[in-house]
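One letter stands for each residue in the lines below.
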Amino acid sequence: GAGVSQSPSNKVTEKGKDVELRCDPISGHTALYWYRQRLGQGLEFLIYFQGNSAPDKSGLPSDRFSAERTGESVSTLTIQRTQQEDSAVYLCASSFRPGEKLFFGSGTQLSVL
Amino acid sequence: AQSVAQPEDQVNVAEGNPLTVKCTYSVSGNPYLFWYVQYPNRGLQFLLKYITGDNLVKGSYGFEAEFNKSQTSFHLKKPSALVSDSALYFCAVRPLNYGGSQGNLIFGKGTKLSVKP
């Protein structure tokens, strides 16, 4: 596609429910990143995928968070048993190669009630 | 620990005046350095990057940044600010020897730039 696409753009869920967020990176981009941005805060790294290498999961805040990526295409971020503190904008970005500039999606605004 | 610091939460500048948004970093090795901008209700956009070579890097929208290795800084600058420059600016660092990850970016917390007419 022309850019990084994220869906849904907005998600409202109840505490304790599971949610799945999707990211379609730019075609041909080998690197894919997930970040979280809480209201008024900076970007918090969650997870990084590079080609077929093992992902860097060092930023995942708890075992309720997981992410997958199929080859060099779509990625899904799953949050199980959501908590109110999970409310944030979840941003996905991709780059052609590591070290290249990132192209960001518009994000998924997650609200946990 | 690897980190990026943006010491100012907000910078206020009058239109036409020069602006500086500060960034310092603490990483091992020689990092790649980036600036990104987030305009209101829009996604993050790349502004510029430093990898090697000339310490003064020019980027989009008339912005530039100066890499200073001794001070471990990468301040963003523009000679003459515009009202339309008002946005949230993020400094980011990719340390070349960051654990097992060769591509992760560490972002600062962001600085809100407000340019008044």
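For the structure itself, look to the data block above.
Quick notes on the rules
Residues numbered from 1 in each chain as written. Chains lettered and ligands numbered in written order. Predicted model: local features only at pLDDT ≥ 70, side-chain atom pairs only at ≥ 80, totals over all residues. Heavy atoms only, no water. Helix = DSSP H or I, 4+ residues; strand = E, 2+ residues; numbered from the N terminus. Contact = heavy atoms within 4.5 Å. Polar contact = N/O pair within 3.5 Å; in protein donor to acceptor, adjacent residues only side chain to side chain. Pairing = 2+ DSSP bridges. Axes fitted to C-alpha atoms, helices over the stretch in contact; angles between N-to-C directions. Buried < 20%, exposed > 50% of the residue type's maximum accessible area, 1.4 Å probe, protein only. Buried area = accessible area lost by both parts, 1.4 Å probe. Salt bridge = Lys/Arg side-chain N within 4 Å of Asp/Glu carboxyl O. Nonpolar A, V, L, I, M, F, W, Y, C, P; charged D, E, K, R; others polar.

Considerations on the environment of Ser73(A)
Residues and elements named next belong to chain A. The topology assignment puts Ser73 in the loop between strand S6 (65-69) and strand S7 (75-79). Separated by 49 residues in the primary sequence, Ser73 and Asp24 have C-alpha atoms spaced 6.6 Å apart. For Ser73, the contacting residues outside a window of four places in its chain are Pro25 and Leu32. Of note is the side chain of Ser73, whose polar atom sits 2.7 Å from the backbone oxygen of Thr70.

A few points about the sheet that holds S7(A)
Residues and elements named next belong to chain A. Strand order in the open sheet formed by four strands is S1-S3-S7-S6, and the pairing between neighbours is antiparallel. One side of each edge strand has no neighbouring strand; the edge strands of this open sheet are strand S1 (5-7) and S6. Averaged over neighbouring strand pairs, the angle between their axes works out to 15° when direction is ignored. Relative to S7, strand S3 (residues 19-24) runs antiparallel, the two being bridged by five bridges. Across the sheet, the residue bridging to Leu21 is Leu77, located in S7.

A few points about the pairing of strand S4 (residues 31-37) of chain A
All names here are of chain A. Most of S4 sits out of view: seven of its seven residues are buried. Neither face of S4 is exposed, since Ala31, Tyr33, Tyr35 and Gln37 on one face and Leu32, Trp34 and Arg36 on the opposite face are all buried. As paired elements, S4 and strand S5 (residues 43-50) share seven bridges and run antiparallel to each other. Considered in S5, the bridge of Tyr35 is made with Phe45. The loop that links S4 with its antiparallel partner S5 comprises five residues; one of these, Gly40, has a positive phi angle of about 75°. Where S4 meets strand S8 (residues 88-95), seven bridges bridge the pair, whose relative direction is antiparallel. Its bridge partner being in S8, Tyr35 is matched across the sheet by Leu91.

Thoughts on unusual backbone geometry
Backbone geometry follows two general trends: most residues other than glycine have a negative phi, and most peptide bonds adopt the trans configuration. Each neighbour pair has its own omega, and for Ser7(A) with Pro8(A) the value is -10°, a cis peptide bond. Mapped onto the elements of the fold, Pro8(A) is located in the loop between S1 and strand S2 (10-13). A positive phi angle, near 45°, is found at Arg81(A), a position not held by glycine. Along the chain, Arg81(A) falls in the loop between S7 and S8. We note that Thr72(B) has phi near 45°; this positive angle belongs to a residue other than glycine. Within the element layout of this structure, Thr72(B) appears in the loop between strand S8 (64-68) and strand S9 (73-78).

What about the interface of chain A and chain B?
Tallying the contact residues gives 17 residues for chain A and 19 residues for chain B. For the pair chain A and chain B, the summed buried area comes to about 1,400 Å², and 57% of that belongs to carbon and sulfur atoms. For the pair chain A and chain B, the number of links is one salt bridge. Notably, a salt bridge pairs Glu100(A) with Lys49(B), separated by 3.8 Å at the nearest N-O pair. If you look at where chain A meets chain B, you find four residue pairs in polar contact (both at pLDDT 80 or more). The set of elements that each furnish at least two residues to the side of chain A that touches chain B consists of S4 and S5 of chain A. Taken together, the residues of the side of chain A that touches chain B sort by class into nine nonpolar, five polar and three charged.

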